[in-house]
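Next come the chains, spelled out residue by residue.
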Amino acid sequence: MATPTDEGRFARHGLIPGWNQDRLSTATVVVVGAGALGNAVVQALALAGVGRLLVCDPDVVAVSNLSRCPLFLPSDVGRPKAETVARALGRLAPDTETSARVAPLVSGVGLAELRDADLVVSCLDSRAARVELATRCNLASATMLDGGTHEWGGQVSVHPPGGRCWACGHDRSSLFVPDSPYSCAAPVRTMPEGASAPVSLLVGAWLANYAVRLLLGLPVGSRLLRVDAAGGAVPVAGRTLAEHPDPGCPLHERIEDADVTRLPLSARDTVGELLLRVDADEEPLTWTGFREAGSGRSPLATGTRLRAASPDTRLARLGVAPREILTVMHPRKSGLRYVELTGETAAAAEVSR
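Not measured: the values here are computed from a predicted model.

## Quick word on the pattern of salt bridges
This model, assessed by the stated rule, comprises 16 salt bridges. The residue Asp 116 makes a salt bridge to Arg 115 at a minimum N-O spacing of 2.8 Å. On the basis of relative accessibility, which here comes to 25%, the residue Arg 115 falls in the partly exposed class. Between Glu 340 and Arg 323 there is a salt bridge; the shortest N-O distance is 3.7 Å. Within this pair, whereas Glu 340 is found in strand β13 (residues 337–341), its partner Arg 323 is found in the loop between β11 (302–305) and β12 (325–329), the two being separated by 17 residues in sequence.

Structure representation (structure tokens):
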């Protein structure tokens, strides 16, 4: 038997039935949300040897995060969460490449990145943010693994492409109501829910366990898993998440690969460079609104039409994510087509917006 000094970093993993370290080392996981749950998940995935983590969060570390986030130090207060996580993982698990995106999801992670990732993990704390992520995962045909916590427990669910998404079964009128502040440090209109490190780590461990098993091609529960700090974890009875989507769910649009034209451009290129690549009467659109050129300071003068922006403006300045897939409309043709920005490198994409 090998002694501890003879073992490689991941030697004990090889003793686990079904474990494939090579498969983990080549995997890419997108983690959206770098708070308490996100800390627990990325720490476990990096220690497990996942090859690449892309961590997206627009927020900065607040004092209240320090009691629940093992990767944050008091000196990190005020620094971007995603960048702080990336630095910490660089020390903890140097074999894992961690990219930080300090931006909201729609501007931080492109649809092509979601599509090409092996897994997308939701560590979000609001309904609105989950709806946005579920929408984009459906567009990109990406598997979304979601987790959430409450005072003494939480839940975990996996949503494969073509199955029931996170929003299926929810009341349609409630899906698009903002329900959280932008930042942990921002004031809230209602009392915040209680949260603690033990519960965040407990639910985060379940999330990371599901993530590793999915990456290894091993089975996981097909129903919502309810985690109770006092009584274990049990699947919730009802429909499995792999079944057909709820016919009333509005989020199940999908971008077909045949409708996508790949362009050698990146979000660092300008609007003018993109317009040279589409027909003169076509209208490329962003997924998030921006202030149109010549609109002054009016907060209402926002739009998604890229022809309304200054040609010299970089696409990233308008909220376009790295490796984004943009919608293109034609005024006299039915249907849509899409253009994918393929020129982004991982190093160039790792920027604060």
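## Points about unusual backbone geometry
Phi is positive for Ser 141, close to 55°, though the residue is something other than glycine. Unlike most non-glycine residues, Arg 323 shows phi in positive territory, near 55°.

## Examining the side chain of Glu 340
Glu 340 sits in the buried class, given a relative accessible area of 2%. A distance of 2.9 Å separates the side chain of Glu 340 from the side chain of Arg 115, its partner in a polar contact. If we ignore the near neighbours within four places in the chain, the residues touching Glu 340 are Ala 112, Arg 115, Val 260, Thr 261, Arg 262, Leu 263, Arg 323, Glu 324 and Ile 325.

## Topic: the sheet that holds strand β8 (residues 232–235)
Ordered by their spatial adjacency, eight strands build an open sheet running β3-β2-β1-β4-β5-β6-β7-β8, and the pairing between neighbours is mixed. A single partner strand is all that each edge strand has here, and the edge strands are β3 (97–101) and β8. Strand-to-strand twist across the sheet, computed as the mean angle between neighbouring axes with direction ignored, equals 15°. In the packing of helix α6 (residues 127–140) onto the sheet, contacts are made with β1 (28–32), β4 (119–122) and β5 (144–150), and the angle to β5 comes to roughly 170°. Strands β1, β4, β5, β6 (153–159), β7 (225–228) and β8 of the sheet are contacted by helix α7 (residues 197–215), whose axis makes an angle of about 170° with β5.

## Structural notes on the nonpolar core
Nonpolar side chains tend to gather and get buried jointly when the protein is soluble and globular. Counting 44 residues, the largest nonpolar core has Val 29, Leu 45, Leu 53, Val 121 and Leu 145 as the members making the most contacts within it. Secondary structure elements with two or more residues in this core: β1, α2 (36–48), β2 (52–56), α3 (81–92), β4, β6, α7 and β7. Considering each element in turn, this core owes the most residues, eight residues, to α7. Those residues in contact with Leu 53 that sit more than four places away from it in its chain are Val 29, Val 42, Leu 45, Ala 46, Leu 89, Thr 96, Glu 97, Thr 98 and Ser 99.

## A few points about the pairing of β13
For β13, a buried count of four out of five residues is recorded, marking the element as mostly surrounded by other parts of the structure. Examined bridge by bridge, strand β9 (residues 260–263) and β13 share four bridges and lie parallel to one another. For Arg 262, the partnering residue across the bridge sits in β13 and is Glu 340. Note that β12 and β13 share four bridges and pair antiparallel. Along β13, the bridge assignment pairs Ile 325 with Glu 340.

Cut-offs and rules
- Residues numbered from 1 in each chain as written.
- Predicted model: local features only at pLDDT ≥ 70, side-chain atom pairs only at ≥ 80, totals over all residues.
- Heavy atoms only, no water.
- Salt bridge = Lys/Arg side-chain N within 4 Å of Asp/Glu carboxyl O.
- Buried < 20%, exposed > 50% of the residue type's maximum accessible area, 1.4 Å probe, protein only.
- Helix = DSSP H or I, 4+ residues; strand = E, 2+ residues; numbered from the N terminus.
- Polar contact = N/O pair within 3.5 Å; in protein donor to acceptor, adjacent residues only side chain to side chain.
- Contact = heavy atoms within 4.5 Å.
- Pairing = 2+ DSSP bridges.
- Axes fitted to C-alpha atoms, helices over the stretch in contact; angles between N-to-C directions.
- Core = buried A, V, L, I, M, F, W, Y, C linked by side-chain atoms within 4.5 Å.

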